[in-house]
Number of protein chains: 2
Amino acid sequence: QVDHFGFDENLTFQQRYLIADQHWKKDSGPILFYTGNEGDITWFCNNTGFMWDVAEDLNAMLVFAEHRYYGESLPFGNESFSDSKHLNYLTSEQALADFAVLIQYLKMTIAGAHYSPVIAIGGSYGGMLAAWFRMKYPHMVAGALAASAPIWQFGDLVPCGNFFSVVTNNYKMGGKGCAESIRKSWDAISHLSTTDAGLQWLSSTFHLCSPLKNLQDAALLKNWLSETWVNLAMVNYPYKADFLQPLPAWPVQEVCKYLKDPSLSDKLLLQNVFQAVNVYYNYSGEASCLDMSETGTKNLGLFGWYYQACTEMVMPMCTDGVNDMFEPQKWDFDAFSEECYRLWGVRPRPSWILSMYGGKNISSHSNIVFSNGGLDPWSAGGVTQNITDSLVAIVIPDGAHHLDLRSRNPLDPKSVQQARALEIYYMKQWIEEGRHSH
Amino acid sequence: QVDHFGFDENLTFQQRYLIADQHWKKDSGPILFYTGNEGDITWFCNNTGFMWDVAEDLNAMLVFAEHRYYGESLPFGNESFSDSKHLNYLTSEQALADFAVLIQYLKMTIAGAHYSPVIAIGGSYGGMLAAWFRMKYPHMVAGALAASAPIWQFGDLVPCGNFFSVVTNNYKMGGKGCAESIRKSWDAISHLSTTDAGLQWLSSTFHLCSPLKNLQDAALLKNWLSETWVNLAMVNYPYKADFLQPLPAWPVQEVCKYLKDPSLSDKLLLQNVFQAVNVYYNYSGEASCLDMSETGTKNLGLFGWYYQACTEMVMPMCTDGVNDMFEPQKWDFDAFSEECYRLWGVRPRPSWILSMYGGKNISSHSNIVFSNGGLDPWSAGGVTQNITDSLVAIVIPDGAHHLDLRSRNPLDPKSVQQARALEIYYMKQWIEEGRHSH
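Conventions adopted
- Residues numbered from 1 in each chain as written.
- Chains lettered and ligands numbered in written order.
- Predicted model: local features only at pLDDT ≥ 70, side-chain atom pairs only at ≥ 80, totals over all residues.
- Heavy atoms only, no water.
- UniProt positions renumbered as here; feature names shortened; annotations may be inferred.
- Helix = DSSP H or I, 4+ residues; strand = E, 2+ residues; numbered from the N terminus.
- Rg over C-alpha atoms; globule rule 2.2 N^0.38 Å.
- Buried < 20%, exposed > 50% of the residue type's maximum accessible area, 1.4 Å probe, protein only.
- Contact = heavy atoms within 4.5 Å.
- Areas by Shrake-Rupley, 256 points an atom, 1.4 Å probe, with all protein chains shown as cover.
- Lys, Arg positive; Asp, Glu negative; His and termini not counted.
- Charge placed at Lys NZ, Arg CZ, Asp CG, Glu CD.
- Disulfide = S-S within 2.5 Å.
- Buried area = accessible area lost by both parts, 1.4 Å probe.
- Salt bridge = Lys/Arg side-chain N within 4 Å of Asp/Glu carboxyl O.
- Polar contact = N/O pair within 3.5 Å; in protein donor to acceptor, adjacent residues only side chain to side chain.
- Nonpolar A, V, L, I, M, F, W, Y, C, P; charged D, E, K, R; others polar.
- Pairing = 2+ DSSP bridges.
- Axes fitted to C-alpha atoms, helices over the stretch in contact; angles between N-to-C directions.
- Expected span 1.5 Å × (residues − 1).
- Arc of directions from axis to C-beta.
- Least-squares fit on C-alpha atoms with pLDDT ≥ 70 in both.
- Phe/Tyr/Trp six-rings, centres within 6.5 Å; stacked < 30°, edge-to-face > 60°.

Where an unreviewed UniProt entry is consulted, chain A appears under the name Lysosomal Pro-X carboxypeptidase, with the organism given as Tricholaema leucomelas. According to its UniProt record, chain A has this under Subunit (unreviewed entry): "Homodimer." You can read under Function (unreviewed entry) in the UniProt record for chain A the words "Cleaves C-terminal amino acids linked to proline in peptides such as angiotensin II, III and des-Arg9-bradykinin. This cleavage occurs at acidic pH, but enzymatic activity is retained with some substrates at neutral pH."

Caption draft 1: Main features of the overall build of chain A. The helix and strand tally for chain A stands at 15 helices and 9 strands. Here the C-alpha radius of gyration of chain A, 22 Å, is about what a compact globule of 438 residues would show, namely 22 Å. Per-residue burial over chain A gives 61% buried out of 438 residues. Expressed as a percentage of contacts within chain A between residues at least 6 apart in sequence, the contacts between residues at least 24 apart total 72%. A total of about 17,300 Å² of accessible surface is found on chain A, and carbon and sulfur atoms cover 50% of it. Where the 30 positive side-chain charges of chain A centre and where its 45 negative ones centre are 5 Å apart.

Caption draft 2: Up close: the state of the cysteines. Residue and element names in this part refer to chain A. Overall, the coordinates contain 8 disulfides over all chains when judged by the stated rule. A sulfur-sulfur separation of 2.0 Å characterises the disulfide bridge that pairs C209 with C289. Disulfide C209-C289: the torsion about the S-S bond is 100 degrees, which places it as right-handed. In this pair, C209 sits in the loop between helix 8 (196-205) and helix 9 (215-234) while C289 sits in the loop between helix 11 (266-281) and helix 12 (302-309), placing the two residues 80 residues apart along the sequence. Given the relative accessible area of 36%, C209 is considered partly exposed. Between the sulfur atoms of C310 and its disulfide mate C340 the distance is 2.1 Å. Taking the sign of the S-S torsion, -80 degrees for the link of C310 and C340, the bridge is left-handed. Here C340 lies in helix 13 (residues 333-344) and C310 lies in the loop between helix 12 and helix 13, a separation of 30 residues in the sequence. Of the residues examined, C340 reaches a relative accessible area of 0% and is grouped as buried.

Caption draft 3: Region of the structure containing the interface of chain A and chain B. Taken together, the contacts link 39 residues of chain A with 40 residues of chain B. A buried area of about 3,500 Å², summed over both sides, lies between chain A and chain B, and 52% of it is on carbon and sulfur atoms. Run the count over chain A and chain B and you get 2 salt bridges. The closest approach of N and O atoms between K85(B) and D8(A), which form a salt bridge, is 2.7 Å. Applying the counting criterion to the chain A and chain B interface returns 23 residue pairs in polar contact (both at pLDDT 80 or more). Looking at the side of chain A that touches chain B, the elements with two or more residues in it are helix 3 (84-87), helix 4 (92-109), helix 5 (125-136) and helix 14 (352-357) of chain A. Ranked by the residues each element gives to the side of chain A that touches chain B, the list is headed by helix 14 of chain A, at 5 residues. Looking at the side of chain A that touches chain B residue by residue, the classes come out as 14 nonpolar, 15 polar and 10 charged.

Caption draft 4: Fine view of the sheet that holds strand 3 (residues 61-65) of chain B. All names here are of chain B. Across the sheet, 7 strands lie side by side as 1-3-2-4-5-8-9; this open sheet has mixed pairing. Edge positions in the sheet fall to strand 1 (17-20) and strand 9 (391-396), since each of these pairs with one other strand and no more. Across the sheet, the mean angle from the axis of one strand to that of its neighbour is 15 degrees, orientation sign disregarded. Where strand 1 lies against strand 3, 4 bridges are found, and the strand directions are antiparallel. From the neighbouring strand, A20 faces strand 3, where its bridge partner is L62. Strands strand 1, strand 2 (31-35), strand 3, strand 4 (118-123) and strand 5 (143-147) of the sheet are contacted by helix 2 (residues 49-58), whose axis makes an angle of about 150 degrees with strand 3.

Caption draft 5: Examining the side chain of N372(B) more closely. If you trace the backbone, N372(B) turns up in strand 8 (residues 368-373). A polar contact is formed between the side chain of N372(B) and the backbone oxygen of V383(B), at a distance of 3.2 Å.

Caption draft 6: Just helix 13 (residues 333-344) of chain B, in detail. Residues and elements named next belong to chain B. End to end, helix 13 covers 16 Å across 12 residues, agreeing with the expected 16 Å (1.5 Å per residue, within 8%). Every buried residue of helix 13 is listed here: F336, S337, C340 and W344. Seen end-on, helix 13 carries its buried residues on one side only, within an arc spanning 100 degrees. Exposed side chains of helix 13 directed beyond 90 degrees from the buried face belong to D334 and R342. For helix 13, the secondary structure elements touched by its buried residues are helix 3 (84-87) and helix 12 (302-309).

Caption draft 7: Region of interest: the pattern of salt bridges. As enumerated under the stated definition, the model contains 26 salt bridges over all chains in all. Note that K257(B) and E254(B) form a salt bridge whose closest N and O atoms lie 2.9 Å from each other. Using a relative accessible area of 25% as the deciding quantity, one classes E254(B) as partly exposed. Look at the salt bridges and you will find they share partners, linking R16(A), D40(A), E66(A) and E72(A) into a network.

Caption draft 8: Here's a closer look at the relation of the copies chain A and chain B. Least-squares fitting of chain A to chain B yields an RMSD of 0.0 Å, with the transformation described by 0.0 Å of translation along the axis and a rotation of 180 degrees. One copy is carried onto the other by what is essentially a two-fold rotation axis. Across chain A, the rotation axis passes nearest the C-alpha of K136(A), at a separation of 2.8 Å. Comparing interface residues between copies, 100% of those in chain A also sit at the interface in chain B, which points to an isologous, same-surface contact.

Caption draft 9: Structural detail: the sheet that holds strand 4 (residues 118-123) of chain A. Residue and element names in this part refer to chain A. An order of 1-3-2-4-5-8-9 is seen for the 7 strands of this open sheet, with the pairing classed as mixed. A strand with exactly one partner marks an edge of an open sheet, and here the two such strands are strand 1 (17-20) and strand 9 (391-396). The average angle at which neighbouring strand axes cross in this sheet is 15 degrees, direction not considered. Along the sheet face, helix 2 (residues 49-58) touches strand 1, strand 2 (31-35), strand 3 (61-65), strand 4 and strand 5 (143-147) and points at about 150 degrees away from the line of strand 3. Contacts between helix 15 (residues 414-436) and the sheet are confined to strand 2, strand 4, strand 5, strand 8 (368-373) and strand 9, with strand 9 contributing the most and set at about 160 degrees to the helix.

Caption draft 10: Geometry of the packing of aromatic side chains. All names here are of chain A. All told, the structure shown has 59 aromatic pairs over all chains when counted by the stated rule. For the ring pair Y171 and W229, a centre distance of 5.8 Å and an interplane angle of 75 degrees mean the geometry is edge-to-face. A residue pair is termed long-range when its members are at least 10 positions apart, and Y171 in helix 6 (residues 162-174) and W229 in helix 9 qualify at 58 residues. The same class applies to Y171 as to W229, namely buried. With a centroid separation of 5.3 Å and an interplanar angle of 80 degrees, the aromatic rings of Y425 and Y426 are classed as edge-to-face.

Written out as structure tokens, the structure is:
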């Protein structure tokens, strides 16, 4: 159903989902249901090894459901992003309704699944969806594991600067002088971009595919660098991995090896910055030039996500250059709204998510584990303290963005091993409860 | 916001609500919030005396919120019902979202209301909305009183015939021979309507404003009579009242005074049936003829409700003539769906409400009182047994449709007095909880 909440549009569309049932025990085994987020579901499937690791122990079936408007689940095919009419059904509520209908369908059609307890699992936005799904459809899922889900990164629930100060902490811990070098780099870029020669120097130093032509382009360079620092913090995993990009273990430390001396001259400093970002963009050594329009994997549906950010998923962010290493920038909702209107013809409704999902007043819900990594910028908007006995927070101090959802790895820190053990403990409890509830 | 669940349509509309704060104690007094159903809110306001009766005791503010597409809360003014495009935003989900946004707004704008615990109260469809509101927006309301709310009159949650057998019980208890007389009346009408003379006799005997012309019209007569018997059962109150129509106390008993002898000839039987329905349609003695197109108050928005029944609110009903006094009629979804398509250009989705609100699997929710009257046909689809400690059922054996929500009356049976006392007990408990939750 393209529109679950209206009856005028009666079109349906094909939603993709992946099923793995080799470990599933008919009639009693649970279903672990990944609430897909903003990207290709096969990619999430391949990066959520935790579910594969526990399937055998829990005799569980795995289901990975793709989020509408991402991957191959396009309600209007190639037209899906053509205008605000076609994008109108891209909301979290519709996605949750898709999950509900899919679970209902699977339970009806898979022999022996009718009474299988279902657990929602998701990471990042998918983690929010897992938590919200348990809140709104508790009859569908016995519990939810919401990994690195910034459900409070809305309205004024948390200070808008926290996100970037967690990013900064990664670099402070990454090596001496590292955060300070980055903080100084912004002025260095500003100085150089006042002259054509400077712009040219920047373009060639950063091996940019398309050279900078003016101050606006220089601002894009800064944005691109900022995003890169953020992404590196998100994937600051303890082992070689390829999530957003192929990267070495503890990539922020690698990056920081190039950023030890903040007192260098502008040009020397920026040459080091290039070496640093090159870790992110060219770990494989194959890139001939760097493209500022790309900061991560193509598996994420950036278009769709930007539309969502411009409608429901309004997450205020700001920097002050003091508690973080970025150029100061206030959260400017009006400018954001204008930009959204220009791009998509829609206006964001920043308070709707709070009305819909309760903001911080969620204590009447139950059976949700919120896990967060201490290194992960998104932990700033996450639930990091227990709310009730059954709304539990797990913090993984040396974990990055949903490290706990990744496959077991010999280099995993103790903290993530413990977190996973606790998550399994709660899941088993929910499964028991789910079995007794019918 | 006309569409809470999409961003392409950014229109807003004016929702009507009524506020009474003469008993409200600023800062600590609760808010009793009537979740308006399918009609003019002033009418519900005037027929929900219970809220007025308890306001002083609870130091409560009363808010009556009108449901979109009813009364004066028309999203597109006179165009609201013009086609399926304009009707597209008439759903329970949108109505609940309206309530959420309204509560948020009231708490922001009324001085001293910010921390006031809110309790949702509603009757009938409004009772469903109250219960669903607590389920979906527990952060907004500390609890819900769902009076005569048939939340299980969907899918196959209850047998489709129960509704009409409760109706029939009213007439069995209403007097000897009463239900049997009505059961026999259908054949009598069938016999007479085979000839023109018979049709003419029926038209004049029933004082019909527009005479019957053929078998189809005779079928309409039967439908109209059936609806009348149903309505009488719904408003079978212990005192003179004017809810759907001005009526005497225990109107079913009044009606049954005319229906004592089922063995009479067709014509004598039907003359009695006319006397009986005349109690309903002409208690005031002012009607010069009876209009089959009307069965109740004009305060209900029948158009809107029929659209809702044709989309989300699909309530299967059937009769067998054995456990009830009606002509046997199976529930025919396909025919219903065709009729909906013909009338509104929409197709009903009978399983959606179950996916959305959980059907019978609602035990993980809390703080809802479901009250039902034993005389009320809608109790057939209601929650009449406790589900958990905080999902409580109250049955009022000699109560009709949400009698408990009506004003105190000297003729109230003991059972409804006890029910109200228990409801107040729970409300006070929720208010306490609500106060401690911030």
